[in-house]
Amino acid sequence: MAELNTNPEKSGNRVRTKKAALRVDLTAMVDLAFLLITFFMLTTTLSKPKAMDVVMPVGESGAVPQSRTMTICLGNNNKAVWYLGEPQNPKIPATITDYGKSGLRRAITKVRDEVRKTTGKDLIVVIKPAETSIYENLVNTLDEMNINNIQQFAIANIDKTDIDLLKQKQAF
């Protein structure tokens, strides 16, 4: 800042005392600021981790009835192929879909309702990601299991028949 110094004209014999410049010591304020920053850093939770519960089977299980097993094969370009039953003789033939609300969610809802109507039991879903699928598609499929309240699902390795099915539907 600029400082204006002027020499007063001599107007008498008065001698003025010089006033020292006002100096504020900010050391205490800085200490208080660092104490507050430290307090809030140690007491604040930045973000809580989000994790999906995965239930693993305890013992060996028996054969799974194919009449209530839906297989979802995850392919590339955000496409999936699903069918109900065995791949050679499906109850519902293989259909290609996407991961949207009108795609995979609608298919799971439709098959779940049909299985409950015909067998009176819950649907079992087997998710088989291909080498060409991306991790986001697997997460989206697991989210759909949670949204549709599918209690029994498994992630399995994809086999040759399912890879051939994906190639046939141009999703591999």
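Above this note sits the structure.
The text that follows walks through the structure, step by step, so that each part is easy to find. (Residues numbered from 1 in each chain as written. Predicted model: local features only at pLDDT ≥ 70, side-chain atom pairs only at ≥ 80, totals over all residues. Heavy atoms only, no water.)

For the rest of this paragraph, the subject is the overall build of the protein. Across its full length, the protein carries four helices and five strands. Secondary structure of the protein in N-to-C order comes out as α-β-β-β-α-β-α-β-α. Relative to its 172 residues, the protein shows a buried fraction of 27%. Partitioning the intrachain contacts of the protein with sequence separation of at least 6 by distance along the chain shows that 62% fall at a separation of at least 24. Approximately 13,700 Å² of the protein is accessible, and the part contributed by carbon and sulfur atoms is 54%. (Helix = DSSP H or I, 4+ residues; strand = E, 2+ residues; numbered from the N terminus. Buried < 20%, exposed > 50% of the residue type's maximum accessible area, 1.4 Å probe, protein only. Contact = heavy atoms within 4.5 Å. Areas by Shrake-Rupley, 256 points an atom, 1.4 Å probe, with all protein chains shown as cover.)

To continue, consider the pairing of strand E4 (residues 124-129). A large share of E4 lies buried, amounting to five of its six residues. The sheet contact formed by strand E1 (residues 69-74) and E4 spans six bridges and is parallel. Following the sheet pairing, Cys 73 is matched in E4 by Lys 128. Where E4 and strand E5 (residues 152-155) come together, four bridges link them in parallel fashion. Bridge pairing in E5 links Ile 124 to Gln 152. What joins E4 to E5 is helix H3 (residues 135-147), and the crossover it makes is right-handed. (Pairing = 2+ DSSP bridges. Right-handed = clockwise from strand over helix to strand, strands pointing away.)

For strand E2 (residues 80-85), a buried count of six out of six residues is recorded, marking the element as mostly surrounded by other parts of the structure. Of the strand pairs in this sheet, E1 and E2 are connected by five bridges, and their pairing is antiparallel. For Ile 72, the partnering residue across the bridge sits in E2 and is Trp 82. Counted between consecutive antiparallel strands, the loop separating E1 from E2 contains five residues, among which Asn 77 sits at a positive phi close to 55 degrees. Hairpin connection from E2 to strand E3 (residues 90-97): four residues lie between these consecutive antiparallel strands.

The next thing to look at is helix H4 (residues 160-168). Among the residues of H4, those classed as buried are Asp 162, Leu 165 and Leu 166. Burial along H4 is one-sided: seen end-on, the buried residues are contained in an arc of 100 degrees. Turned more than 90 degrees off the buried face of H4, the exposed positions are Lys 160 and Gln 168. Following H4 by one or two positions, Gln 170 adopts a phi angle in the positive range, close to 60 degrees. (Arc of directions from axis to C-beta.)

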